[in-house]
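Observations on the three-dimensional arrangement
Single-letter residue listing:
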Amino acid sequence: MSSNFTGPPTDVTTVGGRSGTHYVAPLDETPLVGVDAVKVAEKRSNLWIDAWQDVRRRPMFWISAALILLVALVALFPGIFTQTPPNNNCILGNSNGGPADGHPLGFTKQGCDIYSRIVHGTSTSLSVGFIVIVLTTTLGILFGAFAGFYGGWVDAVLSRLGDIFFSIPYILAAVVIMSVLSQYRSVWSISLAIGVFAWPSTARVLRSEILRVKNADFVMASTALGLSRFKILLKHVLPNSIAPVIVITTISLAGAIVAEASLSFLGVGLGSNIMSWGNDINQAQNDLRSAPQTLILPSIALSVTVFAFISLGEVVRDALDPKARALR
Amino acid sequence: MTGYIFRRILQAIPVFMGTTFLIYFMVFAMPGDPIVALFGDKTPNPAVVAQLRAQYHLDQPFIVQYLIYLGGIFRGDFGLSFSGEPVTAILARTFPVTARLAILALLFETFFGILVGLISGLRKGKLFDASSLAVSLVLISLPIFVIAFVGQYVFGVWLGWARTTVGSGAPLQDLILPALVLASVSFAQIVRLTRASVIETSGLDFVRTAYSKGLSSRRVIPVHILRNSLIPVVTYLATDFGVLLVGATITEGIFNVPGVGNTLYQAIIRGEGPTVVSFVTVMVLIYLVVNILVDLFYGLLDPRIRYVK
């Protein structure tokens, strides 16, 4: 870089006097006004600190966080919430019965305790949700990051591949996989069936974010400093484009829970030996007229769980995206 | 425009090949014998197995099987259903019903969605806005089969306003409740999209100009704000078509609507693998075609899309 700047300006204006080419007011003519003090001790801020400051003021965040905490507790320690086993001690005489002593929500058609079945079904829903998001996030980051960062033919191949998976609605794809895998129905196989077709939305979100970030100055600076392309992607581009991935992950967790329940409801999901809200809803559908509570209660558990994750996703999206913040 | 149409269709070919290949691969290259799976728990007769194996060309190499299957699709041959009826004949019978249900649902969700979203956006932060946001969040969180059962119970059993199952021939008044259920999820999404879009557009310079040159809000709101806010909604409707197809499968099953979705639903419930695959293929093809059509329509609306990429 050639420099045109050779030194301090030769035309020095004396403060307080009248010399040089332009007028400078003498100190006694205008009173000194204090400028805004620069707070040196102020805490540094970044996207995540800002987002936290925003999120902690929103009641919706605390409501959804509390719900998720509760659901997670129920999933991890069902024993705290109920002593009644979900499958044993089912007495057909209690079929579709109302609340009784020790059975606060009544009984299913098979005479099992509804409350206990809901409590024990929680871990199934959450397990499927978490396995699916591990899958979709891994695949989504791999495909999205390489496609967005390397561009060119890598992008063309990876994006077309994503298009193909995206073109099959993932519940329909899972229906096909699960009908084929009818002998292998488990939490793992259903999560695989959902996850394998649900990742392209994560990849698309990450790819477009990386396309935006990779032209930033700090990326050019790292290139100038001699960092390899892969290290730039890993250390600078990815951490700066991960925010929308977190939002879509929260929402796809809710989507995966719905997908598992839908598949179980259709009878191609989990086997009847596995506790699942979808299975219970499936079992209860023929008694909608006579015993609506057997269908409504697991539906409420399912909907509240999904609601918690979706609203958390929305709150986090609002916090991470200044444009979304303006809409409130 | 011709070049754009050509390019868009050319782009669809690898996706079409890929999706059909994937579906085919999922069914025939998975662990487990598809022919044995057909029989469920029963032990099949070896002669029947051999005959079915020949019928589905399972004695040929995988890629040959796929090409035979692909050739069938091009000739409009989607195979036979479990009861031996050609899939195309079932489609001809059931498609009009599903089309009627889907169009009704699309009308409901776009009309009410845009209306509620517009009012919400114009009254940002007021009571109406807050409550419509809350209602839409709840609707998004409810799986469609829960909405269907609640609708069936409240309007069918409890209030007695509608029939819980749709009669033969699917008369329009019977389809209103299933269509409302099918529309509910997308309705909530359209409300949110329209609201966000209206708020964004209302803050733009041309709206201020319109007001400052003395136009009344009766002109500015529909012509300047609403029209410019609808582009994301059109895009959403296209991507949402897959959700509509899955929703139609479940809604038609629960309300017993004699449509394409119900045929798939019944096949899933009875575990009729080949029928499931045929109908999923049909639905994926419909989805692909709709997306191409929407893209073409979109290119017609917005010239920028035709030229970029």
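Residues numbered from 1 in each chain as written. Chains lettered and ligands numbered in written order. Predicted model: local features only at pLDDT ≥ 70, side-chain atom pairs only at ≥ 80, totals over all residues. Heavy atoms only, no water.

A look at the overall build of chain B
- When you go through chain B residue by residue, the secondary structure sums to 15 helices and zero strands.
- Within the structure as shown, chain B displays about 15,200 Å² of accessible surface, and the carbon and sulfur contribution to it stands at 68%. (Helix = DSSP H or I, 4+ residues; strand = E, 2+ residues; numbered from the N terminus. Areas by Shrake-Rupley, 256 points an atom, 1.4 Å probe, with all protein chains shown as cover.)

Quick word on the overall build of chain A
- Counting its regular elements, chain A contains 14 helices and zero strands.
- Put simply, chain A has 328 residues, and 47% of those count as buried.
- Long-range pairs, those at least 24 residues apart, make up 68% of the contacts in chain A with a sequence separation of at least 6.
- Carbon and sulfur atoms make up 64% of the accessible area of chain A, which amounts to about 17,200 Å² in all. (Buried < 20%, exposed > 50% of the residue type's maximum accessible area, 1.4 Å probe, protein only. Contact = heavy atoms within 4.5 Å.)

Here's the deal with the interface of chain B and chain A
- The interface of chain B with chain A comprises 47 residues on the first partner and 45 residues on the second.
- Taken over both partners, the interface formed by chain B and chain A buries close to 4,100 Å², and the fraction arising from carbon and sulfur atoms is 79%.
- Taken together, the connections running from chain B to chain A amount to one salt bridge.
- At the junction of chain B and chain A, the tally comes to one residue pair in polar contact (both at pLDDT 80 or more).
- Only α1 (2-28), α6 (127-141), α7 (144-158), α8 (172-202), α12 (241-255), α13 (260-270) and α14 (273-301) of chain B provide two or more residues apiece to the side of chain B that touches chain A. (Buried area = accessible area lost by both parts, 1.4 Å probe. Salt bridge = Lys/Arg side-chain N within 4 Å of Asp/Glu carboxyl O. Polar contact = N/O pair within 3.5 Å; in protein donor to acceptor, adjacent residues only side chain to side chain.)

Structural notes on the UniProt feature "transmembrane region" (unreviewed entry) in chain B
- Under the present numbering, the feature "transmembrane region" (unreviewed entry) in UniProt falls on residues 12-30, 101-122, 134-155, 233-255 and 275-301 of chain B.
- The distance from the first to the last C-alpha atom of residues 233-255 of chain B is 28 Å, and the span holds 96% helix and 0% strand. (UniProt positions renumbered as here; feature names shortened; annotations may be inferred.)

Concerning the UniProt feature "transmembrane region" (unreviewed entry) in chain A
- Listed under "transmembrane region" (unreviewed entry) in the UniProt record, and renumbered for this structure, are residues 61-81, 126-149, 161-181, 237-259 and 295-316 of chain A.
- Structurally, residues 295-316 of chain A comprises 100% helix and 0% strand, and the distance from its first C-alpha atom to its last is 32 Å.

Details of the pattern of salt bridges
- For the structure shown, the criterion picks out nine salt bridges over all chains.
- Here Arg207(A) ties to Asp155(A) by a salt bridge, and the two come within 2.8 Å at their closest N and O atoms. Here Arg207(A), found in helix α8 (residues 200-213), pairs with Asp155(A), found in helix α5 (residues 152-166); they are 52 residues apart in sequence, far enough to count as distant.
- With a relative accessible area of 12%, Asp155(A) lands in the buried category.
- Note that Arg195(B) and Asp129(B) form a salt bridge whose closest N and O atoms lie 2.6 Å from each other. Taken together, the residues Arg195(B) in helix α8 and Asp129(B) in helix α6 connect sequence positions 66 residues apart.
- Residue classification places Asp129(B) among the buried positions, given a relative accessible area of 2%.

Details of the packing of aromatic side chains
All names here are of chain A.
- Enumeration according to the criterion identifies 14 aromatic pairs over all chains in this entry.
- On the numbers, 5.7 Å between centres and 15° between planes, the contact of Phe146 with Tyr150 is stacked. Of the two residues, Phe146 and Tyr150 are both situated in helix α4 (residues 114-150); the distance of four residues between them amounts to about one turn of the helix.
- Phe146 gets classed as partly exposed once you look at its relative accessible area, which sits at 26%.
- Look at Tyr150 and you get partly exposed, because its relative accessible area is 34%. (Phe/Tyr/Trp six-rings, centres within 6.5 Å; stacked < 30°, edge-to-face > 60°.)

Details of the nonpolar core
- Of all hydrophobic cores here, the largest spans 137 residues; its most connected members are Phe265(A), Leu302(A) and Phe145(B).
- Residue contributions to this core peak at 13 residues, all from helix α13 (residues 292-320) of chain A.
- Leaving out residues up to four positions away in the same chain, Leu302(A) has contacts with Ile257(A), Ala261(A), Trp277(A), Ile281(A), Pro143(B), Phe145(B) and Val146(B).
- If you look at the next biggest cluster of nonpolar residues, it comprises twelve residues, including Ile114(B), Val207(B), Ile225(B) and Tyr236(B). (Core = buried A, V, L, I, M, F, W, Y, C linked by side-chain atoms within 4.5 Å.)

With respect to the side chain of Arg195(B)
- On the basis of relative accessible area, Arg195(B) is assigned to the buried category, the value being 7%.
- A polar side-chain atom of Arg195(B) sits 2.6 Å from a polar atom in the side chain of Asp129(B).

Side note on the confidence of the model for chain B
- Across chain B, the average pLDDT comes to 81, with 90% of residues at 70 or higher.
- In the predicted complex, the global pTM is 0.82; the interface-specific ipTM is 0.81. (pLDDT = per-residue confidence, 0-100.)

Overview of the packing of α4(A) against α5(A)
Residues and elements named next belong to chain A.
- One way to put it is that α4 packs onto α5 with a least axis distance of 7 Å and a crossing angle of 145°. As for how α4 packs across α5, the hand of that crossing is left-handed. Contacts between α4 and α5 involve Phe143, Phe146, Ala147 and Tyr150 on the former and, on the latter, Gly152, Val154, Asp155, Leu158, Ser159 and Leu161.
- Broken down by class, the residue content of the contact of α4 with α5 amounts to seven nonpolar, two polar and one charged. (Axes fitted to C-alpha atoms, helices over the stretch in contact; angles between N-to-C directions. Left-handed = near helix turned anticlockwise from the far one by under 90°. Nonpolar A, V, L, I, M, F, W, Y, C, P; charged D, E, K, R; others polar.)

Observations regarding a nonpolar patch on the surface
Residues and elements named next belong to chain B.
- A cluster of nonpolar residues, Phe21, Phe25, Ile63, Val64, Leu67 and Ile68, forms a patch on the protein surface that exposes about 480 Å² of accessible area.
- If you list the elements that add at least two residues to the nonpolar patch, you get α1 and α4 (62-74).
- Residue position: Ile68 is located in helix α4. (Patch = residues over 30% accessible without salt bridge, like charges linked within 9 Å, V, L, I, M, F, W, Y side chains within 5 Å.)

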